[in-house]
Amino acid sequence: MAKISFFSVAFKNLKRKTFRTGVLVFAIALLVSLLIFAISFTVSVASSLKKSSQRLGADLVVVPVGARGFAEEFLLESKNTSFYMPFSIIEKVKKIEGIDTMTHHTYLSSISGLCCDIVPTRIVAFNPATDFIINPWLQKSLGRPLQLGEAIAGAGTSENLGLGLLDIEATIFDNRFKIVGELEKTGTGLDHALFMTEENLNNIIESGKSPLKKGEISIIFTKLKKGFDPDFVGRVLEGEIPEVDVVARSGMGEKFLNTLADINKIFLLTTVLASVLTTFLVWAIFSAIANERSKEIGIMRALGAKESHIVKLYLIEVLVLGLLGSIIGVLAGTYLSALLAGSFSLLKNISAGLTVGQQAAIALVGLFIGTAICVAGAMMPINRIKKMEPLLVIKEE
Amino acid sequence: MSFLHIENLSKTYTVDDSTFVGVDNISLSINRGEFLSIVGHSGSGKTTLVSLIGGILKPTAGRVLLEGVDICTLDDDKLSEYRAQRIGFMFQFASLLPILTARENVLLPGIFSPDTKTDNAKVARDLLEMVGIGEKLDSYPSQLSGGQQRRVAIARALLNNPDIILADEPTGDLDEDTEAEIMHLFEEINKKKGVTIILITHNLELAGKAQKKLRMTKGQLVGI
């Protein structure tokens, strides 16, 4: 190399003890990957819950009293649950002040046996005339309403049903259905359901093979008039109609969020401990470097290096270490998150996933924190290095 | 006024409760281009004196004036600039950075100097040629002999075209032949480049080659 610079000297310094450099990079990478995993997990779950409740598009969800948990399990976790209330509840809900529009769903689980030739699947029956949840999805995927004898699969159901081959036919409670396609992924628990109109459901009920009785519905989704507070209307609804429980949009997934808050505490504690340990490791290694290179620093000071030059030289080393470790940590953390996503039922059940924007933001946070911890750990030794009296360190030789 | 004027310069060190005198009220004037040697026993204060002149040590009392400017009043940044631009240091040990090649070691003071116009790469090559190790440009210090390392250090001291070279026992651990070669280099640099050289040595014979010879005892100059 014909020329030298602060960068080239810093790089040569890093290369002179590759094992030590490797240990530091590894420690930072471990910390950042833990951080990335923790943030990805938390953000993924929280944003997925938010997205799911927004996708449903309802201000209030009305379910039979005591079925709030089951409803959340069905809508967010894709769990096979059944809960019913009389159709007449719709009329009662309609009378509550602030209710603008409403639609209802009836949920049914198909069973294995002679009546059904598909794997057990959740069936969602909706009213196309009032629906504001399924209709927009249907319009996007199929471009037309569902007809009698037709069903459409949610994005997560198609694989189970063997819908690589579209237009297959299935028997559900002795009724033949043509499965005409699949909906796009919505990120809600409804992704794992098979959709049909109420008219079809009536035929199923009439077959007498399903446990469902005529005049029963599972859930009512309501939109409120402008200016009405969902929590307030929800309280009024529960007061006026004791047979129902009400979940406001903001309260959807409360159970998850409470679990998430506890998991977050564990993540926070682990990450803080790992950060302290990494900071201490960086401090210890840079203290050793300060002692080891004190003579060289004295020589450089005698050759005209300012305190700021010494800081710059070591800061470049620290930044390279921090950035390198953080980049590896970001990649490893992202890979780990994707790899382990399937192992966490919380993530699997709620169809959690991160957008590219969210992943980029989390990566930037990881890069910043990893590098900042590295710099923080090294600052004290660097300050000591720059204050060294040149003659004293040269004479120590 | 002389080029370098030292006025009532003193330096005392305090270790625990004891005080040691390194330099004791020294006054001295040195002209530009002069070759001065200072001899004395270990602990007589020679290194302390050149360190004070080089601005890597602050005096307890007195002044060091270079062309009328008291370097003792300069702040750390200005003092660093003074060392980078006007002083060339040579130490009594191999002072090359082991991670840098001979050429890179010579170039090192350049990154601390605000002068970015000079083509330091060419200057470094010329300097290494001048000190006789032009073929060792890309050798690391561990691949060089003691004498070659001293030559690199001389080239490094000359990179920023300094006014003064402060050489603190630069031939201390070298054999006689190499010692003579290094001394010859100093004489040439002094004559051809007009650089003021202050050489500290134990060796009376080497000291005798300087234009002016001083002796230090217990922090004081004697025998001027």
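Residues numbered from 1 in each chain as written. Chains lettered and ligands numbered in written order. Predicted model: local features only at pLDDT ≥ 70, side-chain atom pairs only at ≥ 80, totals over all residues.

Draft legend 1. Expanded view of the nonpolar core. If you look at the biggest cluster of nonpolar residues, it comprises 113 residues, and the most contacted ones within it are I28 and L303 of chain A together with V106, A155, L166, I197 and I198 of chain B. The leading source of residues in this core is helix 2 (residues 18–56) of chain A, at 15 residues. Setting aside chain neighbours within four positions, we find A155 of chain B in contact with V106, A124, L127, L128 and V131 of chain B. Among the nonpolar cores identified, the runner-up in size contains 57 residues, and V62, L75, I179 and L201 of chain A belong to it. (Core = buried A, V, L, I, M, F, W, Y, C linked by C-beta atoms within 7 Å. Buried ≥ 20, exposed ≤ 12 C-beta atoms within 10 Å, placed from the backbone. Helix = DSSP H or I, 4+ residues; strand = E, 2+ residues; numbered from the N terminus. Contact = placed C-beta atoms within 7 Å.)

Draft legend 2. Just the sheet that holds strand 5 (residues 69–70) of chain B, in detail. Residues and elements named next belong to chain B. One open sheet accounts for four strands, arranged 2-1-4-5; its pairing is antiparallel. Both outer strands of the open sheet, strand 2 (18–30) and strand 5, are each paired with one neighbouring strand and no more. By the bridge criterion, nine bridges tie strand 1 (residues 4–15) to strand 2 in an arrangement that is antiparallel. Counterpart to Y13 in the pairing with strand 2 is F20. Packing against the sheet, helix 1 (residues 46–53) makes contact with strand 1, strand 2 and strand 4 (61–66), and its axis sits at approximately 60° to strand 2. (Pairing = 2+ DSSP bridges. Axes fitted to C-alpha atoms, helices over the stretch in contact; angles between N-to-C directions.)

Draft legend 3. Region of the structure containing helix 5 (residues 146–158) of chain B. All names here are of chain B. Compared with an ideal rise of 1.5 Å per residue, which puts 13 residues at 18 Å, helix 5 spans 19 Å between its outermost C-alpha atoms and is within 8% of the ideal. Among the 13 residues in helix 5, 11 count as buried, and that is most of the element. Looking only at helix 5, the buried set comprises Q148, Q149, R150, R151, V152, A153, I154, A155, R156, A157 and L158. Contact partners of the buried residues in helix 5: strand 6 (87–90), helix 3 (102–111), helix 4 (120–130), strand 7 (164–168) and helix 6 (176–193). (Expected span 1.5 Å × (residues − 1).)

Draft legend 4. Local environment of unusual backbone geometry. Residue and element names in this part refer to chain B. Although it is not a glycine, N8 adopts a positive phi angle of roughly 45°. Positionally, N8 belongs in strand 1. Its 12 C-beta neighbours within 10 Å are what place N8 among the exposed residues.

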